[in-house]
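# Summary of structural features
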Amino acid sequence: MTRLGIVCEGLTDVVIITELIDEISPDSSYRVIKPYLDATTGEYESWGWTNIRLWCERNSGRSVEIEPDFFRAGAPGIVMQTVSVDIWTQNSVETICIQMDTDIAEKIDTKRGFTNYMSSVEGASRRNYCEKHILKWLKTDARDDLFLILPTMALETWIIAAFDRINAHDVFGDSEVDYLALDPKKFMGYLSRCRHIRSKEKTLEDYRNNLWPIVRDGMEKIKERCPEFLRLTSFLSSDER
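## Description of the overall build of the protein chain
Within the protein chain, the secondary structure is distributed over twelve helices and six strands. The proportion of buried residues among the 241 residues of the protein chain is 53%. By sequence separation, contacts in the protein chain at least 24 residues apart represent 67% of the contacts at least 6 residues apart. Carbon and sulfur atoms form 45% of the exposed surface of the protein chain, whose accessible area is close to 12000 Å².

Given below as C-alpha cells:
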C-alpha cells in the first residue's frame, strides 16, 4: 500500500485526483494536505497557484501539518485528527503529489521569463517550465518521493478530452481538436451550456457526482489525448511506487 500526500490548486483537482487514486490504486491511502478541508462545511477552501508557490517555499525541507480530510469512499467520512508529516523524511507519507495548472506559466516570472525560456531552451514546454520553478521553490532536485502533476493548460482539459466531434458535435463541429492548445475555461463553458456537463453547484458532492464520471467513463480517450493524464494514471498503476 502506498501513502500519498496531495497538494493541489482547488476543488476540481482534489476530486479528479483522489477519485483516480480510488479507481486505479484502491490499496493506496492518501490525505489532501492542501487545500484545507473545512470540517464544518465539508468543502475545500479556495486556493490557486500562488498558494502552491507559498506552500512549497514555506515547507521545503520542513514538517507540515496535514489537516482533517475525507478519505476514499468506504472509509469513515472525516478524520478529525491532524498528523505531522516531514515531507522529505516520509514519516507518514511515501510520496508527495503536487498539482498545478500550467496556464499560469507567464505569471511565474513577469519579466519575460517564460517567453525567453520558450525561445531559448530546446524541448521547452509549459510543463517543463512549471516543473523547474516548483523544484526551485522546494529547493530540491527531482526525487522519487515527489510526483508533479502539471496538466496543459489546466486539469479541466482532462474533462474536455472525454468529448469529441462525435459525442459533442455541437461544441467541436467538424474541425480537428487540439486538446493541448484549447482554452479550458472557454470549452468547459461551451460543454456546460450544451448540457454535456451538468455540474452547477461547485461542491465536493456535485463534482464527484458529475465531473468525475465523465473522466472515469472517458479514461481511454483522455489517455490518448492528454500526456499528463497518461503519466498520472501510469504512476498510480505502477507496482514500483
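Alright, that's what it looks like, and here's the rest.
## Structural notes on helix α5 (residues 126-138)
An ideal rise of 1.5 Å per residue puts 18 Å on 13 residues; α5 measures up with 18 Å between its terminal C-alpha atoms. Each element contacted by the buried residues of α5 is listed here: α2 (49-59), β5 (95-99), α3 (105-108), α4 (113-120), β6 (146-149) and α12 (227-237). Just downstream of α5, K139 is the residue with a positive phi angle, here 55 degrees.

## A few points about the pairing of β5
The buried fraction of β5 is high, at five of five residues. By the bridge criterion, four bridges tie strand β1 (residues 3-7) to β5 in an arrangement that is parallel. Its bridge partner lying in β5, V7 is registered against I98. With four bridges joining them, β5 and β6 adopt parallel strand pairing. Paired with I98 across the two strands is L148, which belongs to β6.

## Some thoughts on helix α1 (residues 11-24)
Counted at 1.5 Å a residue, the expected span for α1 with its 14 residues is 20 Å, and the 20 Å between its end C-alpha atoms agrees. With twelve of its 14 residues buried, α1 lies for the most part within the structure. Residues of α1 that are buried: L11, T12, D13, V14, V15, I16, I17, T18, E19, L20, I21 and D22.

## A few points about the nonpolar core
Among the nonpolar cores identified, the biggest contains 47 residues, and I16, L20, W158 and F172 are the most heavily contacted of them. Among the elements that take part in this core, α1 stands out by supplying seven residues, more than any other. Formed by 25 residues, the second largest nonpolar core is a distinct cluster that contains W47, I96, A105 and C130.

## Description of the sheet that holds β6
Pairing in this open sheet of four strands is parallel, and the strands run β2-β1-β5-β6 from one edge to the other. Every other strand in the sheet has two partners, leaving β2 (29-34) and β6 as the edge strands with one partner each. The sheet shows a mean angle of 25 degrees between the axes of neighbouring strands, taken without regard to direction. As paired strands, β1 and β2 are joined by five bridges and run parallel to one another. Bridged to L4 within β2 is Y30. In the packing of α1 onto the sheet, contacts are made with β1, β2, β5 and β6, and the angle to β2 comes to roughly 165 degrees. Along the sheet face, α12 touches β1, β5 and β6 and points at about 150 degrees away from the line of β6.

Rules of the game
- Residues numbered from 1 in each chain as written.
- Predicted model: local features only at pLDDT ≥ 70, side-chain atom pairs only at ≥ 80, totals over all residues.
- Heavy atoms only, no water.
- Helix = DSSP H or I, 4+ residues; strand = E, 2+ residues; numbered from the N terminus.
- Buried < 20%, exposed > 50% of the residue type's maximum accessible area, 1.4 Å probe, protein only.
- Contact = heavy atoms within 4.5 Å.
- Areas by Shrake-Rupley, 256 points an atom, 1.4 Å probe, with all protein chains shown as cover.
- Expected span 1.5 Å × (residues − 1).
- Pairing = 2+ DSSP bridges.
- Core = buried A, V, L, I, M, F, W, Y, C linked by side-chain atoms within 4.5 Å.
- Axes fitted to C-alpha atoms, helices over the stretch in contact; angles between N-to-C directions.

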